[in-house]
Each structure stands twice: as structure tokens, then as C-alpha cells.
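Chains, contacts and geometry: an overview
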Amino acid sequence: MLPMRLADGVYKVDGVRAANVYLVATDDGLLLVDTGMPGNAKLIVAFIESVGRRAADLRYIVLTHCDIDHIGSVAALKELTGAKVAIHELDGPILAGEQRPQKGGLAMAAFHRLLRPRTVAPDLLLKNGDTIGGLQVIHVPGHTAGSIVLRREDGVVFSGDALLSDKHGQVRWPAPRLALDRVQALASAERIKALPMKLLCPGHGAPVYM
Ligand SMILES: [Zn+2]
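Read on for a plain summary of the structure. The shown structure was predicted, so the numbers you read here are calculated from the model rather than taken from an experiment.

Cut-offs used in this document
Residues numbered from 1 in each chain as written. Predicted model: local features only at pLDDT ≥ 70, side-chain atom pairs only at ≥ 80, totals over all residues. Heavy atoms only, no water. Core = buried A, V, L, I, M, F, W, Y, C linked by side-chain atoms within 4.5 Å. Buried < 20%, exposed > 50% of the residue type's maximum accessible area, 1.4 Å probe, protein only. Helix = DSSP H or I, 4+ residues; strand = E, 2+ residues; numbered from the N terminus. Contact = heavy atoms within 4.5 Å. Pairing = 2+ DSSP bridges.

With that settled, the discussion passes to the nonpolar core. Ranked by internal contacts, the top residues of the largest apolar core, which has 27 residues, are Leu23, Leu32 and Ile61. Top element by residues in this core is helix H1 (residues 41–50). It accounts for 5 residues. When neighbours within four sequence positions are excluded, Leu32 is seen to be in contact with Val13, Val21, Tyr22, Leu23, Ile44, Leu58, Tyr60, Ile61, Val62 and Leu77. Ala7, Ile148, Val156 and Leu199 belong to the second largest nonpolar core, which has 20 residues in total.

And the structure:
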């Protein structure tokens, strides 16, 4: 099967369940958006090889936010590839294990305890307006304090859980009950929808051509 290419240099990594992982070819090497649940590192490396590149070509792993279904395989993947790990400065301490996940109440805390994602000290702490691998970082707080969107100049947008879609590619608002701050989460979703966008690559659901 051919790898799923969504746009020039943009792939959705096949076979990762529970959350979406995207591979982006940039002028600066390969960049990965999110890593899925724990246990996906080898599958992601195999995907990188399936598009004719090597594990060592992965330059950056950018995490849209600190939830386990997005950071689960980052520690193993960093070891396998040597990539630099980047996350927004407000979610960095949670990834590093210096702060407990702030949201979702007991259920999320129990989930994290049960699955124990390995902690990673981020190499790069991002803030609004930064650029990484040619992608613009936009801070969209609400789902978590440090949720970000990545936007390529041509209108490819990686939205993490700040704006979602369903399996048919209909844009979906993020579920308020999963947000750290519901009001902020909705305001952020509105801001993302208003961005000039040709392709939405959400953290869950099918990619959407706008
Ligand atoms: Zn998620």
C-alpha cells in the first residue's frame, strides 16, 4: 500500500490508532506532528522508511499538546531517531514530569497513571509566533494550557485537539468536557476556523480539504 500523502510533503502515518500522527517534509528535514499512544515508535520509524527516508532524517517531533494519546511514543521515538522534541512552554513541564496533568479531573489523571507515559525533557519550548521547520506556531489554549496549532504558509494546518473532524471529514468542535478551559477552547476553535486554510489535519478524525 502506498503511504497516505495528503499534500506536498505531508503524510498521515498509517496504522497509528487513537490519534493522528503526521509526517512533514520541510526544508529543514523531516518533522513529526504528535506521536500517538505508547507503543507506536517502531511503526512510525517504519513509516518514515516507507517514504524513502531514514530515522535519522527526523529533525523535530512537535507535540500539539501534552495529552497521553499525543505524547505517548515521544520518549521511544526520540531514542530511535535523535530528533529534537518541541512543545509549547506551558505544556512542557507536564511532558517533563515536573507538573501533573491539570485537566480532565480524576479520569484523565487515572488514565495517565495507568499508562505511565515516559517523561521527556523538551529540547525546545515554543511560544506563539515561533516558527519550527518552516511551520508557524499559533498558541490556542483551552484544550490544554499549552495547545498549539502549526500552520504552513500554503494553508496546511495541524490542529491537534483544538479543532477536530469526524471520520467523514466534517469539522467538529472540540468536546468541552475534555477541555481544561471550555470558554477558551471554543474561542480558540473559532480562531482556527477563521485561519486561511486549505487542508485541516486534526488530532482525531479524517483530514479535511477546505
Ligand atoms: Zn487527543
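The discussion continues.
The next subject is the environment of Leu200. Structurally, the position occupied by Leu200 is in strand E14 (residues 199–202). With 41 residues separating them along the chain, Leu200 and Ser159 place their C-alpha atoms 7.1 Å apart. Not counting residues up to four positions away in its chain, the partners in contact with Leu200 are Val157, Ser159, Leu163, Leu164, Val171, Pro207, Val208 and Met210.

Bringing the pairing of strand E3 (residues 22–26) into the picture now. For E3, the buried fraction is high: 4 of the 5 residues fall into the buried class. Two elements, strand E2 (residues 10–12) and E3, share 3 bridges in a ladder whose sense is antiparallel. The residue bridging Tyr11 from the neighbouring strand is Leu23, located in E3. Relative to strand E4 (residues 29–33), E3 runs antiparallel, the two being bridged by 5 bridges. Among the inter-strand pairings, Ala25 is bridged to a residue of E4, identified as Leu30. Following E3, the chain reverses through 2 residues before pairing antiparallel with E4.

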